[in-house]
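This is what each chain is made of:
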Amino acid sequence: MRAAGQISATLAPRKRIGAASFRRLIVRKGLPYALIAPALLVIAGVLGWPLVMLVSFSLQHYGLRQLFQHQGTFIGLQNYATILSDPQFGYTLRTTIVFTLVNVALSMFLATLIALLMERVSRFVRVLIGAGLVFVWATPVIPAINLWQWMFDYEFGVINWLLTRIGAGNYIHHNWFENPLQGFTVITVIVVWGAIPFLAIALNAALTQVPKDLVEAAEIDGAKPWQVFANVTVPVLRPTLLVLLSLSTIWDFGVFNQVWVLLNQRPSKDYFVMSVFSFQESFRVSQYGLGSAVAVIMIAILVLATFLYVRQTVRAVNEAG
C-alpha cells in the first residue's frame, strides 16, 4: 500500500505537467486562428453571403414579378439547362475565353518587356517610366474609357485622323465597331493599357530578387540574353508570374466596363462576353435567375482556373525552397 501511494504521488505531478503542456500547445496552435477569426467572419459575411444568395437565385425562377414579391419559385437546375442549351451562351463563352487568353498574353508579354527595360535604364528614366505607369494606374476607369472612346470616335476620333494623315488608308468616318474583330481589337487595346501598370511594377519589383551573381556567371559562361532570361530569371520569377497570371485571368474574364461604355450601353450580341451576357439576362430581360446562373458558371470557371494557378504556384515555391 505504501509503495502504491508513492507511485501515485510520483505520477500525479507528471500528469499535471502533461495537462499544462497540452493546454499551452492548444493555446499556441489555436491563438493564430482565434486572432484571424473576426476577419474571417467579416469576409464570410461580405463575400460568402452574396455568393450563397447568388446560387440561391440561380435555382429559382426569379423575374420582375418575383422581385416585387421578394419570393422566387424553386426550379432546381432548369436555369442552368436553359443557359447551357442557348446558342448565344456557347458563342459568348468561346468569345470570352479567346478574349481572355489574348488579353492575358499581351498584358503579361508587354509588362515583362517594360519591367526588363526599367531594370536596364538609368535611375532618372526608371523614375519617369514608373511615374507614367502609376499615372495610368491611378486614372479612374470610366473617364479613361471615355477618353479612348473619343479617340476612336468615327466622326471626331484622333485615331482615324492620324491613320489617314500618315497614309495608312482612308479612315475618315470609319466606325471601328461595325466589325466585331476590329471592335474587340479596340477593347483589347484599352484592357491591356489599363492592365500593364500593375503587372509591370510588380514584375520590376520581383526582378530585384534575381541574384546578380547567377546572371553574371551565366553571362561569363557565354549564355545569350534570352538564355539568361529563360534559365535564370524566369525560375526566380515563376511564383510571381503565376500569381499575376491568375489575377489577370480573373480581371480579363470579367471585363464589363470597357465593352459596356464603349458601345454606349447597347452592345450587340456579337460583343457579348460573360459579364455582359449575365447583366443582359438579369436587368435587360429581367430574368434574374438566368443571370445568376450565368454568374455562377463564371465563378466556377474562374475557381477552376485559379485552383490550377495556385497549385502551380505551390509547386514552384516548394521547388524553390
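Note on numbering: residues in each chain are counted from 1, in written sequence order. In view of the model being predicted, local features appear only for residues whose pLDDT reaches at least 70, and side-chain atom pairs are presented and counted only at 80 or more, with totals across whole chains, interfaces and linings using the full set of residues. Hydrogens are left out, water is left out, and the side-chain values use all remaining heavy atoms of the structure.

(A) Examining the overall build of the protein chain more closely. Of the regular secondary structure elements, the protein chain holds 13 helices and two strands. Note on method: radius of gyration uses C-alpha positions; expected globular size equals 2.2 Å times residues raised to 0.38. The C-alpha radius of gyration computed for the protein chain amounts to 28 Å, which surpasses the reference 20 Å derived for 321 residues by more than 25%, pointing to a less compact arrangement than a globule. On the principal axes, the C-alpha backbone points of the protein chain span a range of 110 × 75 × 30 Å. A 1.4 Å probe rolled over the protein chains alone gives each residue an accessible area, and that area as a share of the maximum for its type sets the label: buried under 20%, exposed over 50%, partly exposed in between. In the protein chain, which comprises 321 residues, the proportion classed as buried is 34%. Taking the intrachain contacts of the protein chain between residues at least 6 apart in sequence as the baseline, contacts between residues at least 24 apart amount to 66%. Accessible surface, the protein chain: about 19900 Å² in total, of which carbon and sulfur atoms supply 69%. Charged residues are defined here as Lys and Arg on the positive side and Asp and Glu on the negative side; His and the ends of the chain fall outside this count. To locate a charge, the coordinates of NZ of Lys, CZ of Arg, CG of Asp or CD of Glu are taken. Here the protein chain carries 22 positive and 13 negative side-chain charges, and the mean point of each set is 24 Å from the other. Per the convention used, a helix needs a DSSP run of H or I reaching at least four residues, while a strand needs a run of E reaching at least two, with both numbered from the N terminus. Note on definitions: a residue-residue contact is assigned when non-hydrogen atoms from the two residues lie within 4.5 Å. Only the protein chains shown count as cover for residues, and all accessible areas are computed by the Shrake-Rupley method using a 1.4 Å probe.

(B) Region of the structure containing the nonpolar core. Counting 39 residues, the largest nonpolar core has Ile 83, Ile 187 and Val 259 as the members making the most contacts within it. Elements that contribute at least two residues to this core include exactly helix 3 (78-84), helix 4 (87-120), helix 6 (141-151), helix 8 (180-207), helix 11 (257-262), helix 12 (274-284) and helix 13 (288-320). No other element matches the eight residues that helix 13 contributes to this core. Not counting the four nearest positions on each side in its chain, Ile 83 is found in contact with Phe 89, Phe 277, Leu 290, Ala 293, Val 294 and Ile 297. Buried residues of nine kinds, namely Ala, Val, Leu, Ile, Met, Phe, Trp, Tyr and Cys, make up a nonpolar core once their side-chain atoms join them within 4.5 Å. Counting 23 residues, the second largest nonpolar core, distinct from the first, contains Val 104, Ala 111, Val 215 and Leu 241.

(C) Looking closely at the pattern of salt bridges. By convention in these notes, a salt bridge is any Lys or Arg side-chain nitrogen within 4 Å of a carboxyl oxygen on Asp or Glu. One pass over the structure, following the stated rule, counts two salt bridges. Put simply, Glu 119 and Arg 120 hold a salt bridge, and the shortest N to O gap is 3.1 Å. When its relative accessible area of 29% is taken as the criterion, Glu 119 is described as partly exposed. Residue classification places Arg 120 among the exposed positions, given a relative accessible area of 62%. Residue Lys 212 pairs with Glu 119 through a salt bridge whose shortest N-O separation is 3.2 Å. One end of the pair, Lys 212, is in helix 9 (residues 212-220); the other, Glu 119, is in helix 4, with 93 residues separating them in the sequence.

(D) Geometry of the environment of Ala 217. In this structure, Ala 217 sits in helix 9. The class for Ala 217 is partly exposed, based on a relative accessible area of 35%. Between the alpha carbons of Ala 217 and Val 228 there is a distance of 9.6 Å; along the sequence they are eleven residues apart.

(E) Representation of the packing of helix 8 against helix 10 (residues 225-253) within the structure. Axes here mean lines fitted to C-alpha atoms, for a helix over just the part in contact, with angles spanning 0 to 180 degrees between N-to-C directions. Closest axis-to-axis distance for the helix 8/helix 10 pair is 10 Å, and the angle between their directions is 155°. Regarding the angle of helix 8 to helix 10, the classification is roughly antiparallel. Considering only the axes of helix 8 and helix 10, their crossing is right-handed. From helix 8, Val 191, Phe 198, Leu 199, Ala 202, Leu 203, Ala 206 and Leu 207 reach across to helix 10, where they touch Thr 233, Leu 237, Thr 240, Leu 241, Leu 244, Leu 247, Ser 248, Trp 251 and Asp 252. In this classification, the charged set is Asp, Glu, Lys and Arg, the nonpolar set is Ala, Val, Leu, Ile, Met, Phe, Trp, Tyr, Cys and Pro, and all remaining amino acids, among them Gly, are polar. Across the contact of helix 8 with helix 10, the residue classes break down as twelve nonpolar, three polar and one charged. Throughout, the term roughly parallel applies to angles under 35 degrees, roughly antiparallel to angles over 145, roughly perpendicular to angles from 65 to 115, and oblique to all others. Helix crossings are classified by the rotation of the near helix relative to the far one: an anticlockwise turn of less than a right angle makes the crossing left-handed, while a clockwise turn makes it right-handed.

(F) Examining the packing of aromatic side chains more closely. Only Phe, Tyr and Trp rings take part, Trp by its six-membered ring, and two of them pair if their centres are within 6.5 Å. Stacked means planes under 30 degrees apart, edge-to-face means over 60, and tilted covers everything else. Scanning the model with the defined rule gives 15 aromatic pairs in all. Ring pairing ties together the aromatic residues Trp 148, Phe 152, Tyr 171, Trp 176 and Trp 193, which thus form one cluster.

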